[in-house]
Amino acid sequence: MLEKVCLIGSGNWGSAIAKIVGRNVAKYPEYDAEVKMWVFEEIVDGERLTDIINNTHINTKYLPNILLPKNVVAVPELLEAVRDATLLVFVIPHQFVKGVCEQLAGRIHPKARAISLIKGVDVGGGNSLQLISVSIAQQLNIDVSVLMGANIAQEVALEQFCESTLGYRSLENAKAFYKAFNTPYFRVSLVEDVAACELSGALKNVVAVAAGLVDGLKCGDNTKAAIIRIGLMEMRKFAKHFYSGVKDETFFESCGVADLITTCFGGRNRKVAEARVLTGKSFEELEKEMLNGQKLQGSLTAKEVHQILKGSNLLHEYMC
């Protein structure tokens, strides 16, 4: 049976990944050459976004000027997109995961596995922490890996060299995703440490907000470096508190220190946080003005992490 990939999400990062996956599956005989990409339908300049993508092979709203492979097909219906797919790639804002999984439960291929590229955490009842990959796994009853790293979407789409980290529970499943993602310019490494890999991807956005506030306040490079160092140590401390088996070396992979540095200097969370200081506008206003429909993850994750730490009576351990 051929592996069939479906991308659940089509934003900036989802479209950049679609370019990689579309090319890779066309090269290997064990994959179905068609890649369906679920698109939340929008009207852009009077046309449906799915029609624009399928006719021009460019996601003009979220990844303009980047040509997608012709075997990537935009589909507006979620269940149609995932039909017959054995490899599900989740790349949507984390606040939409629950609703999407509710639609998919009991309606996916019996041999389906998933990978999450989502950077966030799930706050369950009682202010408890749950990984997004675990939420997906529990709702769909499937194995879920994660892919995190210093991967600014535009740079990946332009094929500028970078690395990414694939955290896995099942090595067999990880290898199927590895082959779909790995390229000479997008180098993927495997680590058997989902918790550290995934939490690094979420928590670095919180540190990036702090870095952006530092930039807005003109505090200087020394202060920003201190914020990044303290942030990395607290990311590690947080992960080890809530999950056993977290490995120190994972924080030196692309998902850890590399992603943290990139996000604190070049990501959307840093940029919007700086604007928050300079303009006095709210994060909600700036998200609408600056991100072209994308979601600001850092401020929401910061709120959720605060909620988790407060509920666990741990706030005092993370106060400078």
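Counting restarts for each chain, with residues numbered from 1 along the sequence as it is written. Confidence filtering applies because this is a predicted model: local features only for residues at pLDDT of at least 70, side-chain atom pairs given and counted only at 80 or more, and all residues used for totals across whole chains, interfaces and linings. Remark: hydrogens and water are excluded; side-chain values derive from all non-hydrogen atoms of the structure.

(A) Main features of helix H11 (residues 268-279). The terminal C-alpha atoms of H11, which comprises twelve residues, lie 16 Å apart, in line with the 16 Å expected from a rise of 1.5 Å per residue. Inspection of H11 places Asn269, Arg270, Val272, Ala273, Glu274 and Ala275 among the buried residues, and these make up the whole buried set. On its buried side, H11 packs onto helix H8 (194-216), helix H9 (221-242), helix H10 (254-266), helix H12 (283-290) and helix H13 (297-311). Put simply, DSSP marks the helices as runs of H or I at least four residues long and the strands as runs of E at least two long, and each gets a number from the N terminus on. Positive phi shows up at Gly280, right after H11, with a value of about 80 degrees. Expected helix span is given by 1.5 Å per residue-to-residue step, counting one fewer step than there are residues. Throughout, exposure labels follow a simple rule: accessible area from a 1.4 Å probe, protein chains only, divided by the maximum for the residue type, with under 20% read as buried, over 50% as exposed, and the rest as partly exposed. What makes two residues a contact is simply this: any of their non-hydrogen atoms within 4.5 Å.

(B) The arrangement of the environment of Phe181 in detail. On the secondary structure map, Phe181 appears in helix H7 (residues 171-181). Sequence spacing of Phe181 and Ala74 is 107 residues, and the spatial spacing of their C-alpha atoms is 19 Å.

(C) The arrangement of the state of the cysteines in detail. Cysteine sulfur atoms that come within 2.5 Å of each other are treated as a disulfide pair. Throughout the structure, instances matching the rule amount to zero disulfides. For Cys162, which is in no disulfide, the shortest distance to another cysteine sulfur is to Cys255 and amounts to 13 Å. Cysteine Cys255 remains unbridged, with the sulfur of Cys197 as its closest cysteine sulfur at 3.9 Å. What makes Cys255 buried here is its relative accessible area of 0%.

(D) Looking closely at the packing of H8 against H10. H10 packs onto H8 with a crossing angle of 30 degrees between their chain directions and a minimal axis gap of 9 Å. Here H10 runs roughly parallel to H8, going by the angle between their axes. Here H8 and H10 pass one another in a crossing that is right-handed. Between H8, through Cys197, Ser200, Gly201, Lys204, Asn205, Val207, Ala208 and Ala211, and H10, the contact on the second element is made entirely by Cys255, Gly256, Asp259, Leu260, Thr263 and Cys264. Inter-axis angles, ranging from 0 to 180 degrees, are taken between N-to-C directions of lines fitted to C-alpha atoms, where helices are fitted over the stretch in contact. Here the word oblique covers every angle except those under 35 degrees (roughly parallel), over 145 (roughly antiparallel) and from 65 to 115 (roughly perpendicular). Rotating anticlockwise by less than a right angle from the far helix to the near helix defines a left-handed crossing, while the corresponding clockwise rotation defines a right-handed one.

(E) The arrangement of the packing of H8 against H13 in detail. The N-to-C vectors of H8 and H13 enclose an angle of 105 degrees; their axes lie 8 Å apart at closest approach. Our classification of the angle between H8 and H13 gives roughly perpendicular. Between H8 and H13, the contacting residues are Ala202, Leu203, Asn205, Val206 and Val209 on the first element and Gln297, Gly298, Ser299, Thr301, Ala302 and Val305 on the second. When residue character is reported, Ala, Val, Leu, Ile, Met, Phe, Trp, Tyr, Cys and Pro are called nonpolar, Asp, Glu, Lys and Arg charged, and the others, Gly included, polar. Counted by class, the contact of H8 with H13 contains six nonpolar, five polar and no charged residues.

(F) Seen up close, the sheet that holds strand E5 (residues 72-75). For two strands to be treated as a pair, DSSP must find no fewer than two bridges joining them. Here we have eight strands laid out as an open sheet, ordered E5-E2-E1-E6-E7-E10-E11-E12, and mixed in their pairing. Two strands in the sheet have a free side with no partner beyond their single neighbour: E5 and strand E12 (186-191). Strand after strand, the sheet turns through a mean of 25 degrees between neighbouring axes, direction not considered. As paired strands, strand E2 (residues 35-38) and E5 are joined by four bridges and run parallel to one another. Paired with Trp38 across the bridge in E5 is Val75. Each of strand E10 (144-148) and strand E11 (162-167) is contacted by H8, which is oriented at about 45 degrees to E10, the strand it contacts most.

(G) Examining the side chain of Thr86 more closely. Tracing the sequence through the fold places Thr86 in the loop between helix H3 (78-82) and strand E6 (87-90). You can call Thr86 buried: its relative accessible area is 1%. Beyond its immediate stretch of four places on either side in the chain, Thr86 contacts Met1, Leu2, Glu3, Lys4, His109, Lys111, Ala112 and Arg113.

(H) Inspection of the nonpolar core at higher detail. We call a set of buried Ala, Val, Leu, Ile, Met, Phe, Trp, Tyr and Cys residues a nonpolar core when their side-chain atoms join them within 4.5 Å. Trp13, Ile17, Leu117, Phe181 and Phe186 are the most contacted members of the largest nonpolar core, which has 43 residues in total. In terms of residue count, helix H1 (residues 12-27) provides more of this core than any other element does, seven residues in total. Judged by nonpolar contacts, the second largest core, of 31 residues, contains Leu131, Met148, Ala195 and Ala211.

(I) Main features of the environment of Phe186. With respect to the secondary-structure elements, Phe186 resides in strand E12. On the basis of relative accessibility, which here comes to 0%, the residue Phe186 falls in the buried class. Taking C-alpha positions, Phe186 is 6.0 Å from Phe161, a pair spaced 25 residues apart along the chain. For Phe186, the residues in contact, after removing those within four places along its chain, are Trp13, Ile17, Ile20, Leu147, Asn151, Val156, Cys162, Ser164 and Phe181.

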